[in-house]
Amino acid sequence: MILASVVGLDSAVSAALIQNCMVIAGIGTLVQLFPVWRIGSRLPIVMGISFTFLSLAISIAGAYGMGTLIGAVIIGGLVEGVLGLFVKYWIKLIPHVVSATVVTAIGFSLLPIGANSFAGGLGAPDFGSLNNWIVGSVTLLACLLCQVFAKGFLRSLSVLVGLIVGYILACFMGMVDFSGLSGLAVVSMPRLLPFTPEFNIGAILSVVAVYLVSATETIGDTSALCNGALNRDPETKEMGAAISCDGFVSSVSGLFGCTPITSFSQNVGLAAMSGVVNRFTIGIGALVMIIGGVFPVVGHALTTIPQAVLGGCTIMMFGSILYAGFGMMARTGFSQRNMVIVSLSLSVGLGFTQATEMFKIFPEIVRTVFAENCVAVVFLLAVLLNLLLPKKEE
């Protein structure tokens, strides 16, 4: 929606792209759950359109058009997919201490998203209003009470309970808008190749660079999911298969006019909190996304959930990703070397990306990849420190 509005696409094309995105997210999730050959990790990972590419996508589409952007998305996805197939040759660059640092950075990076949703959604006219505070707080309280006092099956549904309580309260407070549900077509099929792909070497290289950042996020998500929800470390082949799914499905996403797809950190927190990691259950969620794309009324109904309700649900979920990162750090050990890697990577990555003007002396591609992406900075610095710092017996 953001890309379409900035680039100036008409409402009909925008609606078709949103519909395509939901279908692609569902297909990508199903491939992760039920792999095709070596593509897909067989882990309870939920896929969705990535925010990581947004600023670069706006830049390329604004300068060269959507066709050039889509061409770069298709080629870049193939590059990431192939990297995933050969993960065993480069995964040693990412030991546990690096994974733990990246997972922690992902947790920190999600906290502002949860807070902005809690307040009504960034840019909303009623951002920070009393109504949003009330609905967000009641939703969060419902999640917390269910998590603490409920037992068995109900405890695993704490986030859903909070969402229902918050949604009902928002309805009574007049915060839910059902006007978008009128006049919708009953069935609307996804459109293949809404834009003709064009191939520009500069755009392709820029997008490939951001694909590498997306791959690091997928490694972090996979590590956090395995450690936080499955109580084990991820296998090398699982991480490679997850990255391959990211890449190859992103190429398919490009064919439908959408930006790249990636694993969603939000679901990592949900899986850790609820303990629900059953692939059939997650697959039902994927089918709901596909149905939402084919039957527009379903997708529009889901969009009526107020941001404050989602914020109340996600605040605690995102914190659980941080907790998973801390647990991974504890298992790597608190040696002097690990302390330097973790503390310097997090302080520079989180600190520098809060002061984005620091990057104005660098070329545009560096600013695009690093200036507002703390996960990319943290990952790069953690890898470099791990390679450069001497390894000695503690």
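Above: the structure in question.
Below is a short write-up of the structure. Everything numeric in this text was worked out from a predicted model, so none of it was measured.

Focus: the packing of helix 8 (residues 158-172) against helix 14 (residues 307-332)
Across the interface, helix 8 lies against helix 14 with an axial gap of 8 Å and an inter-helix angle of 155°. Comparing the axis directions of helix 8 and helix 14 gives the class roughly antiparallel. Judged by the twist between their axes, the crossing of helix 8 over helix 14 is right-handed. Residue-level contacts link Val159, Gly162, Leu163, Gly166, Tyr167 and Ala170 of helix 8 to Val309, Leu310, Cys313 and Met317 of helix 14. Tallied by class, residues from the contact of helix 8 with helix 14 come to eight nonpolar, two polar and no charged.

Observations regarding a nonpolar patch on the surface
On the surface, a nonpolar cluster with roughly 1000 Å² of combined accessible area is contributed by Val186, Val187, Met189, Phe280, Ile284, Leu287, Val288, Ile291, Phe295, Val297 and Leu302. Within the residue set of the nonpolar patch, elements represented by two or more residues are helix 12 (279-294) and helix 13 (296-302). Examining the composition of the nonpolar patch, we find that five residues originate from one element, helix 12, more than from any other. Tracing the sequence through the fold places Val297 in helix 13.

Topic: the nonpolar core
One recurring pattern in soluble globular proteins: nonpolar side chains tend to sit buried together. Ranked by size, the top nonpolar core spans 52 residues in total, and within it Val98 and Leu225 carry the most contacts. Broken down by secondary-structure element, the contributors of at least two residues to this core are helix 2 (11-33), helix 5 (96-118), helix 9 (201-229), helix 10 (236-255), helix 11 (265-274), helix 14, helix 15 (336-352) and helix 17 (374-388). Here the element with the most residues in this core is helix 5; it accounts for eight residues. Setting aside anything within four residues of it in sequence, one finds Val98 in contact with Leu93, Phe379, Ala382, Val383 and Asn386. Counting residues in each nonpolar core, the second largest holds 24 residues, with Ala57, Ile70, Ala72 and Ile74 among its members.

Let's talk about the packing of aromatic side chains
The full count for this structure, using the stated rule, is four aromatic pairs. Judged by centre distance (4.9 Å) and plane angle (65°), the ring pair of Phe53 and Tyr211 falls under edge-to-face. One end of the pair, Phe53, is in the loop between strand 1 (47-49) and helix 3 (54-64); the other, Tyr211, is in helix 9, with 158 residues separating them in the sequence. Ring geometry for Phe86 versus Tyr89: centroids 6.3 Å apart, planes at 35°, classification tilted. Note on Phe86: relative accessible area 47%, which makes it partly exposed. Note on Tyr89: relative accessible area 61%, which makes it exposed. Above the ring of Trp37, the side-chain terminus of Arg38 is found at 5.2 Å from the ring centroid.

Some details on helix 11
Buried residues dominate helix 11, accounting for seven of its ten residues. Within helix 11, burial applies to Ser265, Asn267, Val268, Gly269, Ala271, Met273 and Ser274. Gly275 lies just past helix 11 and shows a positive phi near 75°.

Brief notes about the packing of helix 2 against helix 10
Put simply, helix 2 and helix 10 touch, their axes get as near as 10 Å, and they point 150° apart. Regarding the angle of helix 2 to helix 10, the classification is roughly antiparallel. Classified by chirality, the crossing of helix 10 by helix 2 is right-handed. Here helix 2 contributes Ile24, Gly28, Val31 and Gln32 to the contact with helix 10, which in turn contributes Ala241, Ala242, Cys245, Asp246, Val249, Val252 and Ser253.

Calculation criteria
- Residues numbered from 1 in each chain as written.
- Predicted model: local features only at pLDDT ≥ 70, side-chain atom pairs only at ≥ 80, totals over all residues.
- Heavy atoms only, no water.
- Axes fitted to C-alpha atoms, helices over the stretch in contact; angles between N-to-C directions.
- Helix = DSSP H or I, 4+ residues; strand = E, 2+ residues; numbered from the N terminus.
- Parallel < 35°, antiparallel > 145°, perpendicular 65-115°, else oblique.
- Left-handed = near helix turned anticlockwise from the far one by under 90°.
- Contact = heavy atoms within 4.5 Å.
- Nonpolar A, V, L, I, M, F, W, Y, C, P; charged D, E, K, R; others polar.
- Patch = residues over 30% accessible without salt bridge, like charges linked within 9 Å, V, L, I, M, F, W, Y side chains within 5 Å.
- Areas by Shrake-Rupley, 256 points an atom, 1.4 Å probe, with all protein chains shown as cover.
- Salt bridge = Lys/Arg side-chain N within 4 Å of Asp/Glu carboxyl O.
- Core = buried A, V, L, I, M, F, W, Y, C linked by side-chain atoms within 4.5 Å.
- Buried < 20%, exposed > 50% of the residue type's maximum accessible area, 1.4 Å probe, protein only.
- Phe/Tyr/Trp six-rings, centres within 6.5 Å; stacked < 30°, edge-to-face > 60°.
- Lys NZ or Arg CZ within 6 Å of the ring centre and 35° of its normal.

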